[in-house]
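Observations on the three-dimensional arrangement
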Amino acid sequence: MDLNYTEEQEAFRAEVRSFLADNLPDHIAEKTRLGKQLTKADTEEWNAILNARGWLAANWPKAYGGAEWNAVERQIFEEEACLAHAPRLVPFGLTMLAPVLLAFGSEEQRQRFLPRILSGEDWWCQGYSEPGAGSDLAAVKTRAVLDGDHYVVNGQKTWTTLGQHANWIFCLVRTNTEVKNQAGISFLLIDMNTPGVTVRPIKLIDGDAEVNEVFFDDVRVPVENLVGEQDKGWTYAKYLLTHERTNIAGVGFSDAALATLKHVAANTASGGKPLNQNPHFAARLAQVEIDLMAMRTTNLRVISAAAKGQAPGAESSMLKVKGTLLRQELTSLLRRAAGPDAMPYLPDYLEGGDNVDAMGPEHAASAAPTYFNMRKLSIFGGANEIQRTIISKAILEL
Amino acid sequence: MDFNLTEERTMLQDMLQRFLAERYDHEARRKLLESGTAYDADILNELAELGILGAIFSEEDGGFGGAGFDISVVFEEFGRAGVIEPILASAVLGGSLVAALGNDEQKELIEAVVGGQSVLALAHGEPTARYDLSDVRTTAAADGNAIVLNGTKTHVINGGQAGKLIVSARESGADTDHVGISLFMVSSDAPGVSINAYQNVDGTSAARVDLTDVRLSAADRLGDAGAAFEAIETAIARGTLAVSAEALGAMDAAKDLTVGYLKERKQFGVPIGKFQALQHRMADVLIEIEQARSAVVNLAGHMEADAATRDLHVSATKNLIGRVGTLVAEETIQMHGGIGMTDEYALSHFARRLTMIDHLFGDVDHHLERFIALSAASGGQL
Ligand SMILES: Cc1cc2nc3c(=O)[nH]c(=O)nc-3n(C[C@H](O)[C@H](O)[C@H](O)COP(=O)(O)OP(=O)(O)OC[C@H]3O[C@@H](n4cnc5c(N)ncnc54)[C@H](O)[C@@H]3O)c2cc1C
């Protein structure tokens, strides 16, 4: 055993760090640090900077414009990016669709879509969930019926994250109703500017509308937008989900949240002393830190196995459950640290307004909305209950 | 032992429950919040006509209740319905202080509070105070016959809607001394008063109040100079009971919604309530809510006890309510899945209120520490 990073890995970390220091725009880092909302333009700006350096698509092959980093390098980048308050990369095109196209798409599809993800021409969203198909994803009902060289799509998707910014959506659609659930699903790419597509925002508990409902009403989709084979979509969907899950562990986000929390606890007065000297708060803070120290290593153990070529299977479910609980606990503590200042709801401030009164210390304004928003971590990407079932079946063989 | 409410209180509860079921539906409330309006004035008036505000005051102060159980009955129903009308601020906090410290002339205001014509707010919290009730840095300085207030008050519940603010200010002593704090009645439109109102995360309304050379006379003072601290602690104890009972009502409502959802939502061909992973957690939620109910009973029953006994119960109850409130909010959202996170659905509103109640009058950690200190000071005699 050697818990140290190799020299190359340390050199890589230093390179990433100095790149971030030189290139991450202040206005974007500041918004991320304070939990303010990023605009579409902010996201596009940061993506373009990373793309210019060849670092936008960490996991893609170099041949398609990716960085071709292994799992450990990707982890190092994520940690540094989070600590520098770089925004989270929107995963739908980069780390969800692209691996599916690389593994199962046609070369034509790769040539057509991958460059446009890098350039920012296309913004993708994920059309998996439906009102009746949540945890039971294979119950999707959105129908795609072949009509000449088009599929005609009818149905509804929901919880479509950032669908309001997207011009493309990858969907699970039902192409065969005669067979058992999983066997009749196809993976279809749909241009959201096609007639018959309607997007409606859903306001969430934090006051923001980051998710949407997407309706399809006789939407005509050319057959060349089918990925892989008709009715085989479930295989691709599951492949995509393991990619989704490894990203959800989010150790880098926890590191950054812990750093913020420690800073806040040291600088918040409570009963005449700093909050980090309040024994009850300090104990909670220490517990999360201890858990996070172990989590970092759990994550690296899974990741370095993956870097040697072993695909993370049910282990990614462990990362998801523990990683999301830790992130939620950190946001819960930040909310508590904010004290009464966590109460005001200040949408104008959170939407980025610089001249808007924060009504308290600047970190406090986003404390409660972020806490509520992060409830999603244990619900999406396969709810934590579903992950525990996977763990008990696949690892414990119960 | 008798854990039943008196006949009068049972009637009060039934009447209030019926009224809120009829007049306080979630859709209307959500639209009101969206419009940015702090509360529905018609509802406040109707509640006043039903005598709900009168239940907060004793007979000698112009009401017909005023005891701990009166407060808890009313606020449990408010919690169940998600009531945002300014009754905590006006009757429980402001009104209690006027009743406790006011002279006959000042007490005339209570009639208007009970009738819903007048709204009061307590402007006590300050930027540095966090949950420390004695941390008052707003100054009240004599200038000839006048008293001049300067300072900033934060998180003033319904500060933007009150005609009169009950403002605490220091006339003597150091920043966190108990002695030296006075209360003043200040018109919200008095020169030098600047009110910055906003909505809280849970839809209730609050404000920051800046006081710049606000000139008052001794007749605006409530009670004796520098001697308001105990009355403030009592008012906050009553407020803590109110929000604890409110949290209990909100927990019940969140639980009912979730149990209904577990029976109705189907995944994998069965209602999700058939999954033992959820059944056991819902059972735990229920057990904890029953604990919360007992904690509220404990506090309500000790509201009129001596201050040391009462405060031990204040801290015990608020600590438990904070813990259970968070559990109920988090678990009920989780068991709903995505739907539980939407603004349109009532559950998210209950979850927000439950969570914000942890930030009112002291959170879990604050009251744990206070409980330990009070318990040690009592020498284990309570
Ligand atoms: C903020 C947010 C963003 C999202 N973004 C996207 C997106 O971009 N694209 C997309 O396609 N989807 C997205 N989702 C949807 C997400 O994947 C689903 O919410 C998730 O799969 C859960 O489904 P559900 O909400 O229908 O809950 P349900 O499946 O109805 O689950 C309700 C509860 O029952 C539990 N449960 C269900 N089945 C079982 C079981 N067998 N055993 C034990 N417990 C069980 C669940 O764990 C949960 O606690 C998003 C969701 C949220 C909240």
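What comes next is a walk through the structure. (Residues numbered from 1 in each chain as written. Chains lettered and ligands numbered in written order. Predicted model: local features only at pLDDT ≥ 70, side-chain atom pairs only at ≥ 80, totals over all residues. Heavy atoms only, no water.)

Here we take up the overall build of chain B. Scanning chain B from terminus to terminus reveals 12 helices and 10 strands. Against the 2.2 N^0.38 benchmark of 21 Å for 382 residues, chain B shows a C-alpha radius of gyration of 21 Å, consistent with a compact globule. In terms of its C-alpha atoms, chain B occupies a principal-axis envelope of roughly 80 × 50 × 40 Å. Per-residue burial over chain B gives 58% buried out of 382 residues. Look at the contacts in chain B between residues 6 or more apart in sequence, and 73% of them connect residues 24 or more apart. Carbon together with sulfur atoms contributes 51% to the accessible area of chain B, which is approximately 15,100 Å² in total. (Helix = DSSP H or I, 4+ residues; strand = E, 2+ residues; numbered from the N terminus. Rg over C-alpha atoms; globule rule 2.2 N^0.38 Å. Buried < 20%, exposed > 50% of the residue type's maximum accessible area, 1.4 Å probe, protein only. Contact = heavy atoms within 4.5 Å. Areas by Shrake-Rupley, 256 points an atom, 1.4 Å probe, with all protein chains shown as cover.)

Another aspect to go through is the site of the ligand. For the ligand, the set of nearby residues contains 30 residues, the closest of which are S135(A), W159(A), T161(A), E385(A) and Q334(B). Two or more chains meet at the ligand, and those chains are chains A and B. Interatomic distance of 2.9 Å between a backbone N/O atom of Q126(A) and a nitrogen atom of the ligand. Residue S129(A) places a side-chain N or O atom 2.7 Å away from a nitrogen atom belonging to the ligand. Breaking the shell around the ligand down by element, the ones donating at least two residues are α13 (384-395) of chain A together with α10 (307-336) of chain B. When residues in the shell around the ligand are grouped by element, the largest group, three residues, is from α10(B). Tallied by class, residues from the shell around the ligand come to 14 nonpolar, 12 polar and four charged. (Near = heavy atom within 4 Å. Polar contact = N/O pair within 3.5 Å; in protein donor to acceptor, adjacent residues only side chain to side chain. Nonpolar A, V, L, I, M, F, W, Y, C, P; charged D, E, K, R; others polar.)

Another aspect to go through is the interface of chain B and chain A. Taken together, the contact pairs 42 residues of chain B with 47 residues of chain A. Summing both sides of the interface, chain B and chain A together bury roughly 3,900 Å²; the carbon and sulfur share of this comes to 57%. There are nine salt bridges connecting chain B and chain A. Note that K273(A) and E369(B) form a salt bridge whose closest N and O atoms lie 3.8 Å from each other. Applying the counting criterion to the chain B and chain A interface returns 25 residue pairs in polar contact (both at pLDDT 80 or more). (Buried area = accessible area lost by both parts, 1.4 Å probe. Salt bridge = Lys/Arg side-chain N within 4 Å of Asp/Glu carboxyl O.)

So, about the packing of helix α8 (residues 229-264) of chain B against helix α11 (residues 346-357) of chain B. When two helices pack together, their arrangement is given by the angle between the helix axes and the distance between those axes. Residue and element names in this part refer to chain B. Relative orientation of the contacting elements α8 and α11 amounts to 150 degrees, with a least axis distance of 9 Å. In this view, α8 runs roughly antiparallel relative to α11, as classed from their interaxial angle. α11 is crossed by α8, and the crossing has left-handed handedness. The segment α8 lies against α11, with V243, E246, A247, A250, M251, A253, A254, L257 and T258 engaging A346, L347, F350, R353, L354 and I357. When its residues are assigned to classes, the contact of α8 with α11 shows 12 nonpolar, one polar and two charged. (Axes fitted to C-alpha atoms, helices over the stretch in contact; angles between N-to-C directions. Parallel < 35°, antiparallel > 145°, perpendicular 65-115°, else oblique. Left-handed = near helix turned anticlockwise from the far one by under 90°.)

On to the packing of helix α2 (residues 26-33) of chain A against helix α3 (residues 40-52) of chain A. Residue and element names in this part refer to chain A. The N-to-C vectors of α2 and α3 enclose an angle of 120 degrees; their axes lie 10 Å apart at closest approach. Considering the angle they form, α2 stands oblique to α3. Relative to α3, the crossing made by α2 is left-handed. Residues H27, I28 and K31 of α2 touch α3, and the partners they reach there are D42, E45 and W46. Broken down by class, the residue content of the contact of α2 with α3 amounts to two nonpolar, one polar and three charged.

Before going further, it helps to examine the environment of K255(B). Residues and elements named next belong to chain B. As for its position among the elements, K255 is in helix α8. Expressed as a C-alpha distance, the spacing of K255 and V186, which sit 69 residues apart in the sequence, is 42 Å. Residues within four places of K255 in sequence aside, it is in contact with M282, L286 and I289.

Judged by nonpolar contacts, the single largest core of 127 residues is most densely connected at F75(B), F78(B) and L149(B). Among the elements that make up this core, the one with the highest residue count is α8(B) (18 residues). Ignoring sequence-local partners within four residues, the contact set of F78(B) consists of L16(B), L20(B), L47(B), I52(B), V83(B), I87(B) and E246(B). Within the second largest apolar cluster, 73 residues are counted, among which are A71(A), L101(A), L137(A) and A144(A). (Core = buried A, V, L, I, M, F, W, Y, C linked by side-chain atoms within 4.5 Å.)

A side chain with one charge can pair with a side chain of the opposite charge if their charged atoms come near. Inspection of the entire model under this criterion finds 55 salt bridges over all chains. When the shortest N-O distance is used, the salt bridge between E15(A) and R53(A) registers 2.5 Å. Residue E15(A) is found in helix α1 (residues 7-23), and its partner R53(A) is found in the loop between α3 and α4 (71-83); the two are separated by 38 residues along the sequence. A relative accessible area of 36% places E15(A) in the partly exposed class. Among the residues examined, R53(A) registers a relative accessible area of 34% and is labelled partly exposed. The closest approach of N and O atoms between R353(B) and E246(B), which form a salt bridge, is 2.7 Å. Of the two residues, R353(B) sits in helix α11 while E246(B) sits in helix α8, which places them 107 residues apart along the sequence. The pair formed by R353(B) and E246(B) is uniform in burial state, with each residue classed as buried.

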